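# Per-entry structural report
The residues making up each chain are set out below.
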Protein chains: 2
Amino acid sequence: MAEKAAGGGVQSVERVFELLELITDAGGEVTLSELSSSTDLPLPTIHRLLRTLVTKGYARQLPNRRYALGPRLIRLGEGANKQLGALARPQLKHLVDSLGETSNMAVLDSDMVIYIAQVPSPHSMRMFTEVGRRAHTHDTGVGKAILAQLGDDAVRSIVARAGMPTPTEKSIKSIDELLEELGRIRGRGYSIDEQEQELGVRCFAMAVPNAPTPTAISVSGPVSRVDERFAEKAVPLLRAAAQTISDELNLAS
Amino acid sequence: MAEKAAGGGVQSVERVFELLELITDAGGEVTLSELSSSTDLPLPTIHRLLRTLVTKGYARQLPNRRYALGPRLIRLGEGANKQLGALARPQLKHLVDSLGETSNMAVLDSDMVIYIAQVPSPHSMRMFTEVGRRAHTHDTGVGKAILAQLGDDAVRSIVARAGMPTPTEKSIKSIDELLEELGRIRGRGYSIDEQEQELGVRCFAMAVPNAPTPTAISVSGPVSRVDERFAEKAVPLLRAAAQTISDELNLAS
DNA sequence: ATAATAATATCCATAATACGGAAACTAACT
DNA sequence: AGTTAGTTTCCGTATTATGGATATTATTAT
């Protein structure tokens, strides 16, 4: 009767994850009726679904009677993280071996990027990021590469939610400036973080095409080493690595 | 007809999470038939459930045709982590304010503990652990406090899977030694990490009772400051904090 | 304090949804 | 090329999830 978007999905499963996503979107705490106005599911249905989650530990009920994400999700998230990292690490390793600079992979997490995997450069230079670390989208190479894959409206809402701090004087300061830069990135196929996150650090990044979750990889290092000549070598390698990761991610059915 | 364990849970939801847990248990990659022998679900059912997860991004299918955890779980896990940490942080903060030493909360994640939240001590002493970090159970205060809540059989299988490295000469070396120690912990109500993880560092830890996922909190610092007199103050405070966290976690329906 | 209001939780008849046996298909091994 | 093991699709069946109506509990107003 009702035309469902997906053909053969199990409805209660789809719904339950939709609910979990909504709870996450809302910052971790939601009331039942908030959920029923966000979705167009009737209250009893939501309640039953959530009760199942609560008894299994994937959701919790707070003193407020609000619902929140449950502790057992942590393990699953960790597992997924580890797994994805394992998939990317050989490619990142190859980049580091060829280029000599630190390589990262990150995914979009709501309105920030999360670093999923890192292979540090052999140079004894401190790492600027760490796995699990969250960063803004507008001032990082991976962030901008990811944003360039999205529509302007999505970009606006992400940046509106996350804000636009300016860690250095080179950081992008306005949404218009950012949208312009994203245009350049779309044309060029990769993004450059020109000391926007930290002075003296330059980064080249590229989106992983067709990733289920928006994903990008990057190489970064001191401006002295990471220059135009570096880019000539790095960009094709980044493209190949991104493609390989994409293939591995998307090899379904 | 079939007597289901849980009264009012939504079956497909329960099953789907059972599958995700099994994938995680198996180290992130499973074949369909492995799943069907672990559960007693028929293959078509598992396949349909997984296909739903795959199309939504909560599972992935690898080139091997194996199934793995999907990237969208990362965000949910992060969200749960943040949320739980937020719940514990005021209590940890209170411990640090009263005792002047670093306080942590950790949960059991399969066969290791994961640090969920930390409030560092005001002393300029480096931190030994970081949020998100995984550690063994047998050589940490939180780990032993958590193990003491479990049965001997469960402890044995956890330690068998995780192994028993001995970072210091004070570390517990055998399963029998560990089970004895757990007995003492049960009697006393709290655990002591006596330089077992790192020389010079002592830690008092206590389980959070009735947590949906086994959970413990701790205070730790240099042996010079964290001594018997310290324990007299710390233990009642730990107990109160653990109880408060427990109440907040369990205040359901 | 007490009443009015709004939220959450439970019931239960209905039928739509998920189920799983059987068969088709695909890859891996001999 | 033939065989086996594993994965995927089909489809009739009935079990399972559904959601309108109702009861219950919290919250706010008086």
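Residues numbered from 1 in each chain as written. Chains lettered and ligands numbered in written order. Predicted model: local features only at pLDDT ≥ 70, side-chain atom pairs only at ≥ 80, totals over all residues. Heavy atoms only, no water.

## Brief notes about the relation of the copies chain A and chain B
Note on the identical chains: chain A maps onto chain B by a rotation of 179° and an axial translation of 0.0 Å, with an RMSD of 0.2 Å. Taken together, the rotation angle and the small translation identify this as a two-fold axis. Taking the C-alpha atom as reference, chain A places Gly 77 of chain A closest to the rotation axis, 2.1 Å from it. With an isologous cut-off of 70% or more, the 100% of interface residues of chain A that recur at the interface of chain B puts this contact in the isologous class. (Least-squares fit on C-alpha atoms with pLDDT ≥ 70 in both. Contact = heavy atoms within 4.5 Å.)

## Observations regarding the sheet that holds strand E2 (residues 59-61) of chain B
Residues and elements named next belong to chain B. As summarised here, the arrangement of the three strands in space is E1-E3-E2, forming an open sheet in which the pairing is antiparallel. At either end of the open sheet lies a strand with only one pairing partner, and these are strand E1 (29-30) and E2. Where E2 and strand E3 (residues 67-69) come together, three bridges link them in antiparallel fashion. Across the sheet, residue Gln 61 finds its bridge partner in E3, namely Tyr 67. (Pairing = 2+ DSSP bridges. Helix = DSSP H or I, 4+ residues; strand = E, 2+ residues; numbered from the N terminus.)

## Notes on the packing of helix H1 (residues 11-25) of chain A against helix H1 (residues 11-25) of chain B
Where H1 of chain A meets H1 of chain B, the axes come as close as 8 Å, and the angle between the chain directions of the two elements is 70°. On the basis of the axis angle, H1 of chain A is roughly perpendicular to H1 of chain B. Across from Ser 12, Val 13, Val 16, Phe 17 and Leu 20 of chain A in H1 of chain A, the residues of H1 of chain B making contact are Ser 12, Val 13, Val 16, Phe 17 and Leu 20 of chain B. (Axes fitted to C-alpha atoms, helices over the stretch in contact; angles between N-to-C directions. Parallel < 35°, antiparallel > 145°, perpendicular 65-115°, else oblique.)

## Points about the sheet that holds strand E7 (residues 191-194) of chain A
All names here are of chain A. Taking strand neighbours across the sheet as the criterion, the six strands line up as E6-E5-E4-E9-E8-E7 in an open arrangement whose pairing is antiparallel. Looking at which strands have only one partner, the edges of the open sheet turn out to be strand E6 (134-135) and E7. Looking at chain direction, strand E4 (residues 102-109) and strand E9 (residues 215-222) are connected through six bridges and run antiparallel. Across the sheet, residue Ser 103 finds its bridge partner in E9, namely Val 219.

## Observations regarding the protein's contact with DNA strand C
Neighbouring residues of DNA strand C: 21 residues in total, closest Gln 11, Ser 33 and Gln 61 of chain A together with Thr 45 and Arg 48 of chain B. Expressed as a percentage, the sugar and phosphate content of the atoms of DNA strand C within 4 Å of the protein is 78%. Tyr 67 of chain A places a polar side-chain atom, nitrogen or oxygen, 2.8 Å from a phosphate oxygen of DNA strand C. Listing elements by their share of the surface near DNA strand C, those giving two or more residues are H1, helix H2 (32-38) and helix H3 (43-56) of chain A together with H1 and helix H3 (43-56) of chain B. (Near = heavy atom within 4 Å. Polar contact = N/O pair within 3.5 Å; in protein donor to acceptor, adjacent residues only side chain to side chain.)

## Structural notes on the interface of chain A and chain B
The interface is formed by 58 residues belonging to chain A together with 58 residues belonging to chain B. Contact between chain A and chain B buries roughly 5,100 Å² in total, counting both sides, with carbon and sulfur atoms accounting for 63%. Note that Asp 25 of chain A is salt-bridged to Arg 75 of chain B, the shortest N-O span being 2.3 Å. Linking chain A to chain B there are ten residue pairs in polar contact (both at pLDDT 80 or more). Residue assignment for the side of chain A that touches chain B shows that the elements contributing at least two residues are H1, H3, strand E2 (59-61), strand E3 (67-69), helix H4 (72-99), strand E5 (112-119) and helix H8 (228-250) of chain A. Here the element with the most residues in the side of chain A that touches chain B is H4 of chain A; it accounts for 14 residues. Of the residues assigned to the side of chain A that touches chain B, the class counts are 25 nonpolar, 17 polar and 16 charged. (Buried area = accessible area lost by both parts, 1.4 Å probe. Salt bridge = Lys/Arg side-chain N within 4 Å of Asp/Glu carboxyl O. Nonpolar A, V, L, I, M, F, W, Y, C, P; charged D, E, K, R; others polar.)

## A closer look at the protein's contact with DNA strand D
By nearness alone, 21 residues border DNA strand D, and Thr 45 and Arg 48 of chain A together with Gln 11, Ser 33 and Tyr 67 of chain B come closest of all. When the atoms of DNA strand D within 4 Å of the protein are grouped by moiety, sugar and phosphate amount to 76% of the total. Separating a phosphate oxygen of DNA strand D from a side-chain N or O atom of Arg 15 of chain A is a distance of 3.1 Å. Contributing elements (two or more residues each) for the surface near DNA strand D: H3 of chain A together with H1, helix H2 (32-38) and H3 of chain B.

## Let's talk about the domain arrangement of chain A
In many reports, interface size means the accessible area that the parts give up when they come together. Domain boundaries assigned for chain A yield domain 1 (11-70) and domain 2 (75-250). The straight-line distance from the C-alpha centre of domain 1 of chain A to that of domain 2 of chain A is 32 Å. (Domains from an automatic or database assignment.)

## Digging into the pattern of salt bridges
Scanning the entire structure with this criterion turns up 24 salt bridges over all chains. The closest approach of N and O atoms between Arg 186 of chain B and Asp 152 of chain B, which form a salt bridge, is 3.7 Å. You can see Arg 186 of chain B sitting in helix H7 (residues 175-188) and its partner Asp 152 of chain B sitting in helix H6 (residues 152-162), a full 34 residues away along the chain. Residue classification places Arg 186 of chain B among the partly exposed residues on the basis of a relative accessible area of 38%. What emerges from the salt-bridge pattern is a single network uniting Lys 144, Glu 180, Glu 181, Arg 184 and Glu 196 of chain A. (Buried < 20%, exposed > 50% of the residue type's maximum accessible area, 1.4 Å probe, protein only.)

## Brief notes about the side chain of Asn 104 of chain A
Residue and element names in this part refer to chain A. As for its placement among the helices and strands, Asn 104 is situated in strand E4. The buried category is assigned to Asn 104, whose relative accessible area is 2%. One polar contact links Asn 104 to Gln 118, side chain to side chain, over a distance of 3.2 Å.

## Quick notes on the environment of Leu 20 of chain A
Its place among the elements puts Leu 20 of chain A in helix H1. Relative accessible area serves as the criterion here: at 0%, Leu 20 of chain A is assigned to the buried category. Sequence separation between Leu 20 of chain A and Leu 50 of chain A is 30 residues; the distance between their C-alpha atoms is 9.0 Å. Those residues in contact with Leu 20 of chain A that lie beyond four places of it in its chain are Leu 53, Tyr 58, Leu 69 and Leu 73 of chain A together with Phe 17 and Leu 76 of chain B.

## Overview of H1 of chain B
Residues and elements named next belong to chain B. Spanning 15 residues, H1 covers 21 Å between terminal C-alpha atoms, matching the ideal 21 Å at 1.5 Å per step. The complete set of buried residues in H1 reads Ser 12, Val 13, Glu 14, Val 16, Phe 17, Leu 19, Leu 20, Glu 21, Ile 23 and Thr 24. Positive backbone phi, at 90°, marks Gly 27, one or two positions downstream of H1. (Expected span 1.5 Å × (residues − 1).)

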